Amino acid sequence: MTLFAPGGVALAAPPAHQPKADIVQTIGGTPLVALDRLFPPADFQVYGKCERFNPGGSIKDRAAKSMVEHAIWTGRLVPGVSTVVESSSGNLAIALAQVCNFHRLGLVCVVDPRTTAQNASIMRAYGARVEVVDRDPATGEYLPARINRVQELLKSIPDAYWPNQYANEYNARAHHSTMSEICEALPGGPDYLFLAAGTCGTLRGCAEYIRDQDLRTRIVAVDAVGSVIFGPPEPWERSHRRSIPGHGAAVVPQLLLPGLADRVVKVTDADCVRGCRRLLARESVLAGGSSGAVVAALQGAATWIEPGATCVAVLPDGGDRYLDTVYDDDWVDAHFDGLLAEIRHIPHPVTHDGTTHDDERSER
């Protein structure tokens, strides 16, 4: 694991440049980079764990590899015979499409209208079949409708297998290595780990590693306004409909256990856009919607994180799959009144000589 400081200076020795046996073996080992322009280290140090560098473009590559390869090892999936059926809002479907194509497995991805045409095209390029469902009539949510369709497909497709990312412990186990990589770069682990909660695989896997290694790291789980993961939404949240996937859920994931998160922070879709645009403007990091959620949570945490603390922000994916939403001015203007004018004037954080502006703290 290589840790980079501003200016590209390596803080930890890079691994030997040895050929990988196959593309799936390149999953993991993503870089940890300093975010000093967005979060001045004079207050507290923030590093971003950039999961877009996985071959499928997101942190979901780790879960897909773990779940599929365990099912093959136990004989539940047979290459050349079996078909995987899964519900996903985008990234896991792409990750599964890559891994299933590699292992000669069929794949049916059940998605909803929030899945972009680009994402669906990527899935199909890998050979997946894509099915789009609308909201569940009873709840008004997409997830129950997707799960219902998965159950129908399992009955109609011979030798079909549902990994069930919301309950599969090998989703969580995949992230023991995520946390291990962070600790390799930051011995002893960071003081705080900020991560987006969706299936709770990342949350549970990192929490288990922290517990097993007796680390001091405290976990801040970033959830979406209107999500039910950590309890029923407040009355004011119920009218909030999420348009940015990747965090939050309409049902409580089975992977969630009591006490995994030390603190929970909820953010709105507008917060996600702000976080993404600030990360791009100040760090030149083009990140996805849930990364923006994590950045927004960190900015709000500036009032309670102690000076000198070290934080890691898990950035789940890249922004190239959000060019028609988060990074499209017309889309932002249509969905969030007044937000476009605000994000168009995000100041650059450094002067010509590379020093941080003194007023950065007041902006947060």
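Residues numbered from 1 in each chain as written. Predicted model: local features only at pLDDT ≥ 70, side-chain atom pairs only at ≥ 80, totals over all residues. Heavy atoms only, no water.

Caption draft 1: Focus on the pairing of strand E3 (residues 45-50). Counting buried residues along E3, six of its six residues qualify, which places the element largely inside the surrounding structure. Side-chain alternation along E3 places Gln45, Tyr47 and Lys49 on one buried face and Val46, Gly48 and Cys50 on a second face that is also buried. Of the pairings in the sheet, the one linking strand E2 (residues 32-34) to E3 comprises three bridges and is antiparallel in character. Across the sheet, the residue bridging to Val33 is Gly48, located in E3. Here six bridges tie E3 to strand E11 (residues 310-315), and the two strands are oriented parallel to one another. (Buried < 20%, exposed > 50% of the residue type's maximum accessible area, 1.4 Å probe, protein only. Helix = DSSP H or I, 4+ residues; strand = E, 2+ residues; numbered from the N terminus. Pairing = 2+ DSSP bridges.)

Caption draft 2: Broad picture of the pairing of strand E4 (residues 83-87). Along E4, five of the five residues are buried, which leaves the element largely enclosed by surrounding structure. Alternating residues of E4 divide into Thr83, Val85 and Ser87 and Val84 and Glu86, and every residue in both groups is buried. One ladder, built from five bridges, connects E4 with strand E5 (residues 106-111); its direction is parallel. Considered in E5, the bridge of Glu86 is made with Cys109. You can see the chain leave E4, run along helix H2 (residues 91-102) and come back into E5, and the turn it takes is right-handed. Pairing of E4 with strand E7 (residues 160-161) involves two bridges; the strand directions are parallel. Residue pairing for E7: Thr83 is matched across the bridge by Ala160. (Right-handed = clockwise from strand over helix to strand, strands pointing away.)

Caption draft 3: Up close: the packing of helix H1 (residues 60-73) against H2. In the contact formed by H1 and H2, the axes pass within 8 Å of each other and the chain directions differ by 50°. Looking at the two axes, H1 sits oblique to H2. Seen along the crossing, H1 lies across H2 with a hand that is right-handed. For the pair H1 and H2, contact is made by Lys60, Asp61, Ala63, Ala64, Lys65, Met67 and Val68 and by Asn91, Leu92, Ala95, Leu96, Gln98, Val99 and Cys100, respectively. Grouping the constituent residues of the contact of H1 with H2 by class yields nine nonpolar, two polar and three charged. (Axes fitted to C-alpha atoms, helices over the stretch in contact; angles between N-to-C directions. Parallel < 35°, antiparallel > 145°, perpendicular 65-115°, else oblique. Left-handed = near helix turned anticlockwise from the far one by under 90°. Contact = heavy atoms within 4.5 Å. Nonpolar A, V, L, I, M, F, W, Y, C, P; charged D, E, K, R; others polar.)

Caption draft 4: Quick peek at the sheet that holds E4. Taking strand neighbours across the sheet as the criterion, the four strands line up as E6-E5-E4-E7 in an open arrangement whose pairing is parallel. Bordering the open sheet on either side are strand E6 (129-132) and E7, each of which pairs with just one other strand. Helix-sheet contacts for helix H4 (residues 142-156) involve E4, E5, E6 and E7, and the interaxial angle to E4 is about 160°.

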